[in-house]
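One-letter residues, chain by chain:
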Amino acid sequence: MTQTLTLTWTTVCLLDRLEPDRGVAALVDGVQIALFRTADELFAIDNRDPVSGAYVLSRGIVGSRGGAPTVASPLHKQVYDLRSGHCLDLPGVAVARHDARCRDGLVEVRLRQEG
Amino acid sequence: MSGGELVVIGNGMVGQRFVDALRARDPQGTWRVTVLAEEGRPAYDRVRLSAYFDGVSESELNLHTPHDGVRLRLGEPATAVDRNRQVVTTAVGEYRYDALVLATGSYAFVPPVAGTELPGVFVYRTLDDLAAIRAYARGRRVGAVIGGGLLGLEAANALRLLGLSTDVVEFAPRLMPVQVDQAGGAMLRRYVDELGVRTHLGVATTAIRPGPDGGVAALELSDGTALDAELVVVAAGIRPRDQLARDAGLPLGPRGGVLVDATCRTADERIWAVGECAAVDGTCHGLVAPGYATAEVVADRLVGGAATFPGADTATKLKLLGVDVASFGDAHGTTEGCLDVTFTDPATRVYAKLVLSDDAHTLLGGVLVGDASAYPTLRASVGGPLPAAPLALLAPDGGGADAGALPAAAQVCSCNAVTRGDVDAAIADGCADVPALKSCTRAGTSCGSCVPMLKQLLDAAGVAQSSALCEHFDVSRRELFEIVRVRGIRTFSRLVTEHGRGRGCDICKPVVASILASLGSGHVLDGEQASLQDTNDHFLANLQRDGSYSVVPRIPGGEITPEKLIVIGEVARDFQLYTKITGGQRIDLFGARVEQLPQIWRRLVDAGFESGHAYGKALRTVKSCVGETWCRYGVQDSVGLAVALELRYRGLRAPHKLKSAVSGCARECAEARSKDFGIIATETGWNLYVGGNGGFRPRHADLFATDLSTDALIRLIDRFLIYYIRTADRLQRTAGWIEAMDGGLDHLRSVIVDDSLGLCEDLDAAMARHVSSYSDEWRDVLDDPDRLRRYTSFVNAPDVPDPSITFTRERGQPVPVRDQSPTGSEPTNGHRRQPVTLGLPEVRR
Ligand code: SRM
Ligand SMILES: Cc1cc2nc3c(=O)[nH]c(=O)nc-3n(C[C@H](O)[C@H](O)[C@H](O)COP(=O)(O)OP(=O)(O)OC[C@H]3O[C@@H](n4cnc5c(N)ncnc54)[C@H](O)[C@@H]3O)c2cc1C
Ligand code: SF4
Ligand code: FES
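Residues numbered from 1 in each chain as written. Chains lettered and ligands numbered in written order. Predicted model: local features only at pLDDT ≥ 70, side-chain atom pairs only at ≥ 80, totals over all residues. Heavy atoms only, no water.

Naming follows an unreviewed UniProt entry, where chain B appears as assimilatory sulfite reductase (ferredoxin) of Micromonospora arida. Under the UniProt heading Catalytic activity (unreviewed entry), the note attached to chain B is "hydrogen sulfide + 6 oxidized [2Fe-2S]-[ferredoxin] + 3 H2O = sulfite + 6 reduced [2Fe-2S]-[ferredoxin] + 7 H(+)". According to the UniProt record, the Pathway (unreviewed entry) comment for chain B is "Nitrogen metabolism; nitrate reduction (assimilation)." (UniProt positions renumbered as here; feature names shortened; annotations may be inferred.)

Naming follows an unreviewed UniProt entry, where chain A appears as Nitrite reductase (NAD(P)H) small subunit of Micromonospora arida.

Caption draft 1: Up close: the interface of chain B and chain A. In this complex, chain B contributes 38 residues to the contact, which on the side of chain A involves 36 residues. Between chain B and chain A lies a buried interface of about 3,000 Å² when both sides are counted; carbon and sulfur atoms form 50% of it. Counting the contacts that link chain B with chain A gives four salt bridges. With its nearest N and O atoms 2.8 Å apart, the salt bridge here joins B:Asp534 to A:Lys77. Our enumeration of links across chain B and chain A arrives at 16 residue pairs in polar contact (both at pLDDT 80 or more). Those elements that place two or more of their residues in the side of chain B that touches chain A are α15 (508-518), α16 (529-532) and α17 (535-539) of chain B. (Contact = heavy atoms within 4.5 Å. Buried area = accessible area lost by both parts, 1.4 Å probe. Salt bridge = Lys/Arg side-chain N within 4 Å of Asp/Glu carboxyl O. Polar contact = N/O pair within 3.5 Å; in protein donor to acceptor, adjacent residues only side chain to side chain. Helix = DSSP H or I, 4+ residues; strand = E, 2+ residues; numbered from the N terminus.)

Caption draft 2: Examining the packing of aromatic side chains more closely. All names here are of chain B. In this structure the tally under the stated criterion is 13 aromatic pairs over all chains. Considering the side-chain rings of Trp 601 and Tyr 791, the 5.4 Å spacing of their centres and the 75° angle between planes classify their relative orientation as edge-to-face. In this pair, Trp 601 sits in helix α19 (residues 597-606) while Tyr 791 sits in the loop between α26 (785-788) and β38 (807-810), placing the two residues 190 residues apart along the sequence. Using a relative accessible area of 5% as the deciding quantity, one classes Tyr 791 as buried. Here Phe 720 and Trp 737 contribute two aromatic rings whose centre-to-centre distance is 5.8 Å and whose plane-to-plane angle is 65°, an arrangement assigned as edge-to-face. Here Phe 720, found in helix α21 (residues 710-727), pairs with Trp 737, found in helix α22 (residues 734-740); they are 17 residues apart in sequence, far enough to count as distant. The same class applies to Phe 720 as to Trp 737, namely buried. (Phe/Tyr/Trp six-rings, centres within 6.5 Å; stacked < 30°, edge-to-face > 60°. Buried < 20%, exposed > 50% of the residue type's maximum accessible area, 1.4 Å probe, protein only.)

Shown next, in the form of structure tokens:
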């Protein structure tokens, strides 16, 4: 699958569609995104679990480790920092993160290329 | 002496331990070992012999491990030893030796009275003896045991278990005369009476009489009375098997046995003796611990060591259906000037006696009847200062017997000669729990009676046995369960705010979800609960490696009508699902995408199926065998019971998955003994087994109760399950739960049978609530648009199926297309599969 780089915000859904501390999958310009809503923030990362290659991260359990908001892969439970995309269990493994925000009750995502 | 031909005569407990010990010390194999065994099977655990009647199999009793450079000749007893030619003779050949180890054990002593040769008269020494007793007991009603010592009482209990009404005849004025004093014997007798075993003390058997069929029919006693007995076990003591040594002209001990010195060597420098056949400095020891000590001594000597026999620990502990009897050290108070402290409580039927030195400072020995919980600590304290005030030690549940007070030299595990010092050293080397201590010191690996002390020593060393669930909760699952239950907390957010910290994680959230579900808090996907669930529970299906799900409808007991089978087939065909019969007697449908799940359920639910909870830490299946309905051996309706149990416990959330099975007869085709709770039909009811496990660490279930009516069976399982749900750790199967339980199976029995904690009413009520509030989770989702919303591929593109899920066909069915291998190289074997790798990936649970 080829990734296109977008610099614009794409509206994804109503904020109400996101349950607190749970993710959904979204398709933005052909890219599978995992979108999470915690108590006070929105996060978007790639839906692809970099360890297994399956598109499942949106179905992981959301929580915290130390101060970091996290999601655990539902396949083999590696934990990722939602802010940076870094895997907290496997050094060197990371998942791409994207920008997410809420405007007028709508959730918007902007794809980002990790630098 | 260093290497050459080594012949061992006897492959009993000690013979086997000797070979293990030698191999451990002689890794190069400088000794080539031949073991001559009279019995037709390799070494087994004679100490646990009676467990055979509890259904423990021969293979579970096995002690034999094969070693390189050791040949074992089964069923080939030695007939002579020629010391001049250094040759051992058997019926089929000769074996030359550079060193010879006699490990021939003992034989059962049969007193010279008329009739001991009659059919139906047995001794109690080998597995063959027990098999013969079992076969002969069939269809007979009354049995008798000659001898009321440790062995005699074990035999009496065995006859009871075989359904015989049983008498015990003991020549001494009390039971277990060797181990127990008069008052202790009297207390013991009250327990034995209660088991329905009649005792006749202070009388001798004068003759054994046949009946008209030529088999044994009665015992005549020295007081002129006679007892009916269709089967007799003679357990009147043991004698060392010293005939080979005698014939070879070796000196014997004053009361028989192969005379050896403290190095376990006979008068012939090439010949050694170990175990029960050896008279060490003139004394034979009829217990396994001193036997093991002799094995270690000889193994050490044969590789040039200087070990000597450390002296015998004659402590014994007997357990006869809940009656604890223990005796240790100078139990009879024969030391000059010693003091007795005794404690008798007729109400709780506990008797205890400590024998102290004349200054009351040193513990010399003791006797415990009815409650032997202080036994491990007391036994380890013999010869040293008392670990607490005598009354604190003796009073039941005084809790005063703490291993932390023991000196370093005290022997903690006498089966394996491990001292407190050894345990402390292991802890200092980093052993942080009981399993680690077991594998590193061997302590606790034989009779297990020292395990509580190992825990106490870990505590004493300040090794915190952390029970914190995760970084968000400092308490264990069990404590969390109590908090939730007692405080009536119904949400994770309140729980973590009031009793934890942070936002939770993939460890604590599913635990809390499971606790809430066990306490009946509505549908698992209601409100905030949904966010706590693992993906499997969240989608009520099992996540597969490619992100698709599998669907398993419940097929109670594995019984299914042709119509329903056809529906499963049609659903699988229409949704193109890979179909497989599972190991749990049902059918798994793989390859469903999230958005297809509700459509698949709709079809299944309409046809009368419901969720099989394959995704939950919950009841999975109750397997069955076909049973009495069809099978020519079946004695009960195993399918009917399996179906009833599966329907009763379906949906029950637990710390880990729960599995069960029901077999219609003792042939056990349903493999019930590998289940968390397994049921095997008997002529008159059901036997319940608990704590079985297949999986990673297989364990056979323990026999928990016998010949139960269906009602009594269900009541016990109800309580067993709720007690497990309330008290087990996260991801702890019932097997590990029982193994970790203080007091083990006896404790469990006291709680759910005797109601020692007064919990039973509450447990019964909890199960009643579960049964009455059950409803199918799939149907509940189908009925609720809010919940249905979750089953979508993409929140902003519900019509686009996940493009990453694609299938190829294998053996006529769809299977996932794998990712290209990470290096990008194309697989060469024509499949898109990666080769099977051996070894397990590290999976954090
Ligand atoms: C489908 C099935 C294999 C099959 O094709 O036959 C299966 C499949 C899985 N087993 Fe199993 N087990 C299956 C029977 C068994 C059995 C045999 C039995 O139940 O009679 C055992 C050994 C018995 C036991 O549990 O004591 C078994 C021992 C395990 C274990 C090891 C448990 C343990 O205590 O060590 C795991 C891992 C775990 O649960 O942590 C496991 C885990 C799994 C998981 C859930 C792995 C996972 O997390 O994805 C697999 C899910 C498959 C799916 O998506 O549907 N499975 N698994 C069987 C489903 C039975 C059913 O109808 O529900
Ligand atoms: C029912 C029962 C319960 C017991 N409970 C306890 C207990 O709770 N605690 C405890 O400490 N001890 C207990 N014991 C005693 C314990 O089993 C023995 O101390 C231990 O087995 C001794 O081991 P051993 O190797 O010396 O003899 P054994 O285990 O008897 O082995 C000797 C082996 O040598 C074989 N043999 C004999 N002659 C020859 C020959 N000529 N050639 C080849 N092979 C030969 C025999 O067939 C036998 O297999 C119990 C014993 C029994 C029977
Ligand atoms: S044995 Fe392993 S691979 Fe096979 S079904 Fe069970 S968990 Fe999966
Ligand atoms: S005392 Fe028997 S195993 Fe430790």
